[in-house]
Amino acid sequence: MTTKDGQIERRWEQLHTWGPYGLLGISVVLALASSGLFDYSAAQWWTGWSLAGAALVLQLWWHGTRSRRPGRGRVPSRAGTAYYVVRWAIAFVLTWIDPFFAFYAASGFMDADELIPGTVAQRVGLFASAVTVAGAQAGGLPFGSALQWVLFAALVAANSGLQMAIAHLTQQESERSRERNETITELERTNTALQQALDENAALHAQLLVQAREAGVADERRRLAAEIHDTIAQGLTGIIAQLQVVANAPDLTTARTHLERASTLARHSLGEARRSVQNLAPIALENDGLPEALKNTVAEWGERTGVRAEFTVTGTTEQLHDEVSATLLRIAQEALSNAARHARATRVGVTLSFLGDEVILDIRDDGQGFDPLALPDRTRTGGFGLDGMRARAERIAGSLTIEAEPGHGTALSARVPLVRHE
């Protein structure tokens, strides 16, 4: 309920509470002022003032009853019906004695819906009040001519019809107000439930990010183990083999040749070790966003391998969440590493696309390609290469698709949700 609605409600409450007092006071004042116009008998005089006092006592009693029931003050009840009937009877007799007490009788028009339960009973109460008021308007009871009776009937019809029409409109407005309040209450409940759902989603999102980080740590360990196995361990094996040849070399020239090969393998293995250590964390993202980090990574890879490498950004660039940026950068690094070792490509293209609610990373090469269905299963160190890239994408609710054919190059596409930087 708005502040304005509350003010209107309080004013109606004040009118229902103090209105009968005011109308009774007006009736008494007018009766005193016009006492010379009517020839009252002693019995009428004492009866009238006694009933006026009784009306005041009745009003005070009902006022006290309402005050003791603040939460039910405007709920129709048997006590309210009894109060309405007694007040109507007092008003009817007073109006019979002095027509100016019709003002007090008119208080029945104000609160029939508040006091009497049931629509039919409320209409009867309004009709009874209309009879009392119409009697005063027709000249006061009892009537002395047929014209007064005709006028009385017309006034009863007019008063009761008007009050019942007003009561009907008031009831409709009350019903609309009730429905509006129920709608507002339902909307508030819905908004509360929605806010709770949003809070739960935020908590779930934070939990998923924590799990993704933990899974990323485990994935980095597997990746590092695979790189050590595939590069450094193989390099050390080659160095040992060259040194064994040197030990059995028949002449100095042959020994020097194999020593140079061992030195080259050692330098290469050292470089691979440094690269693996650096790749434990996305250092490239410390000072740059994902587009700049990918651009530098692609350029450095092209310089190191001698392969023509191009990087392109499409769409409106946005600052991504750290986990999303790190995942896409790792996928790009792994794909470029695979291309350098296996593809024998002459050209590689990397594209980062921002498409509204998702980000797509495409890596294409014109190398020798392969048959995705013919790849051997990884054992013991599983989760590297294509499987590792797919696992990375899936951990942040993304996907990885591979298009490859022997002799026709390879295309990788990682599609992940666009989660902005917090």
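The model shown is predicted, which means the values in this text are computed figures rather than measured ones.

**Description of the overall build of the chain**
Secondary structure assignment for the chain yields eleven helices and five strands. Per-residue burial over the chain gives 36% buried out of 422 residues. Across the chain, contacts joining residues at least 24 apart in sequence account for 72% of those joining residues at least 6 apart. Summed over its atoms, the accessible surface of the chain is roughly 24,500 Å², and 59% of this surface lies on carbon and sulfur atoms.

**Thoughts on the sheet that holds strand β4 (residues 399–404)**
Taken in spatial order, the five strands line up as β1-β2-β3-β5-β4 in an open sheet, and their pairing is mixed. This sheet does not close on itself; its edge strands, each paired only once, are β1 (308–314) and β4. Pairwise comparison of adjacent strand axes, ignoring direction, gives a mean angle of 10° for this sheet. Two strands pair when backbone bridges link them, and β1 and strand β2 (residues 347–354) are joined in this way by seven bridges, in the parallel orientation. Counterpart to Phe 311 in the pairing with β2 is Val 350. Here helix α9 (residues 290–305) sits on the sheet and contacts β1, β2 and β3 (358–365); the angle it forms with β1, its principal contact strand, is near 170°. Strands β4 and β5 (410–417) of the sheet are contacted by helix α11 (residues 385–395), whose axis makes an angle of about 145° with β4.

**Focus on empty space enclosed by the protein**
Enumeration over the complete set of coordinates arrives at five cavities of 30 Å³ or more. For the largest cavity, the calculated volume is near 110 Å³. Lining the largest cavity, in full, are Ala 31, Ser 35, Tyr 40, Gln 44, Trp 45, Gly 48, Trp 49, Leu 94, Ile 97, Asp 98 and Phe 101. Looking at the lining of the largest cavity, the elements with two or more residues in it are α2 (42–68) and α3 (78–97). The element contributing the most residues to the lining of the largest cavity is α2, with four residues. Taken together, the residues of the lining of the largest cavity sort by class into seven nonpolar, three polar and one charged.

**Examining the side chain of Thr 410**
By the secondary structure assignment, Thr 410 is in strand β5. Note on Thr 410: relative accessible area 11%, which makes it buried. In this view, Thr 410 contacts Ile 363, Arg 364, Asp 365, Gly 369, Phe 370, Glu 403 and Ala 404; residues no more than four positions away in its chain are not counted.

**Remarks on the confidence of the model for the chain**
For the chain, per-residue confidence averages 82 on the pLDDT scale, and residues scoring 70 or more make up 84% of the total. Segment residues 379–383: pLDDT under 50, and three contacts once partners within four positions in sequence are set aside and those in other chains are kept.

**With respect to the packing of aromatic side chains**
Under the definition given, this model contains seven aromatic pairs. Ring geometry for Trp 18 versus Tyr 21: centroids 5.4 Å apart, planes at 40°, classification tilted. Of this pair, Trp 18 and Tyr 21 are both found in helix α1 (residues 3–33), three residues apart, which corresponds to roughly one turn of the helix. One aromatic cluster is present, formed by Trp 61, Trp 62 and Tyr 83 through successive ring pairs.

**As for α9**
Helix length check: α9 (16 residues) gives 22 Å between terminal C-alpha atoms against 22 Å at 1.5 Å per residue, within 8%. Buried-residue contacts for α9 involve β1, α10 (322–343), β2 and β3. At the C-terminal side of α9, Gly 306 shows a positive phi close to 75°.

**Focus on the pairing of β4**
In regular strands, side chains alternate between the two faces of the sheet. With six bridges connecting them, β4 and β5 associate as antiparallel partners. Within β5, the position partnered with Ile 402 by the bridge is Leu 412. Between β4 and β5, which follow one another and run antiparallel, lie five residues, and Gly 407 among them has a positive phi close to 85°.

**What about the pairing of β5?**
Strand direction decides the pairing type here: β3 and β5, joined by eight bridges, are antiparallel. By the bridge assignment for β5, Arg 364 is matched with Ala 411.

**A few points about the nonpolar core**
It is characteristic of soluble globular proteins that their nonpolar side chains tend to be buried jointly. By size, the foremost hydrophobic cluster in this structure holds 36 residues, and its most contacted members are Leu 290, Leu 328, Val 348, Leu 352, Val 359 and Leu 361. Taken together, the elements giving at least two residues each to this core come down to α9, α10, β2, β3, α11 and β5. The element that contributes the greatest number of residues to this core is α10, accounting for ten residues. Once residues within four sequence positions are removed from consideration, Leu 328 is found in contact with Leu 290, Leu 352, Val 359, Leu 361, Ala 414 and Val 416. Core analysis: the second largest hydrophobic core is formed by 21 residues, Phe 109, Ala 112, Leu 115 and Val 133 among them.

**Thoughts on the side chain of Thr 351**
With respect to the helices and strands, the residue Thr 351 is situated in strand β2. At a separation of 3.4 Å, a polar atom in the side chain of Thr 351 contacts the side chain of Arg 364. Residues in contact with Thr 351, not counting those within four places in the same chain, are Thr 312, Thr 314, Ile 360, Leu 361, Asp 362 and Arg 364.

**Quick word on the pattern of salt bridges**
By the definition in use, this model includes nine salt bridges. Asp 111 is the partner of Arg 87 in a salt bridge, and the nearest nitrogen-oxygen pair spans 2.8 Å. Highlighted residues: Arg 87 in helix α3 and Asp 111 in the loop between α4 (102–105) and α5 (112–115), separated in sequence by 24 residues. Note on Arg 87: relative accessible area 2%, which makes it buried. The salt bridge involving Arg 390 is made with Asp 387; its shortest N-O contact spans 3.8 Å. Linking Arg 390 with Asp 387, this pair stays in helix α11, spanning three residues, or about one helical turn.

Quick notes on the rules
Residues numbered from 1 in each chain as written. Predicted model: local features only at pLDDT ≥ 70, side-chain atom pairs only at ≥ 80, totals over all residues. Heavy atoms only, no water. Helix = DSSP H or I, 4+ residues; strand = E, 2+ residues; numbered from the N terminus. Buried < 20%, exposed > 50% of the residue type's maximum accessible area, 1.4 Å probe, protein only. Contact = heavy atoms within 4.5 Å. Areas by Shrake-Rupley, 256 points an atom, 1.4 Å probe, with all protein chains shown as cover. Pairing = 2+ DSSP bridges. Axes fitted to C-alpha atoms, helices over the stretch in contact; angles between N-to-C directions. 1 Å grid on protein atoms, 1.4 Å probe; cavity = no way out; pocket = protein on both sides within 12 Å on 5 of 7 lines; lining within 4 Å. Points joined across faces, edges and corners; volume = space filled by probe spheres on them. Nonpolar A, V, L, I, M, F, W, Y, C, P; charged D, E, K, R; others polar. pLDDT = per-residue confidence, 0-100. Phe/Tyr/Trp six-rings, centres within 6.5 Å; stacked < 30°, edge-to-face > 60°. Expected span 1.5 Å × (residues − 1). Core = buried A, V, L, I, M, F, W, Y, C linked by side-chain atoms within 4.5 Å. Polar contact = N/O pair within 3.5 Å; in protein donor to acceptor, adjacent residues only side chain to side chain. Salt bridge = Lys/Arg side-chain N within 4 Å of Asp/Glu carboxyl O.

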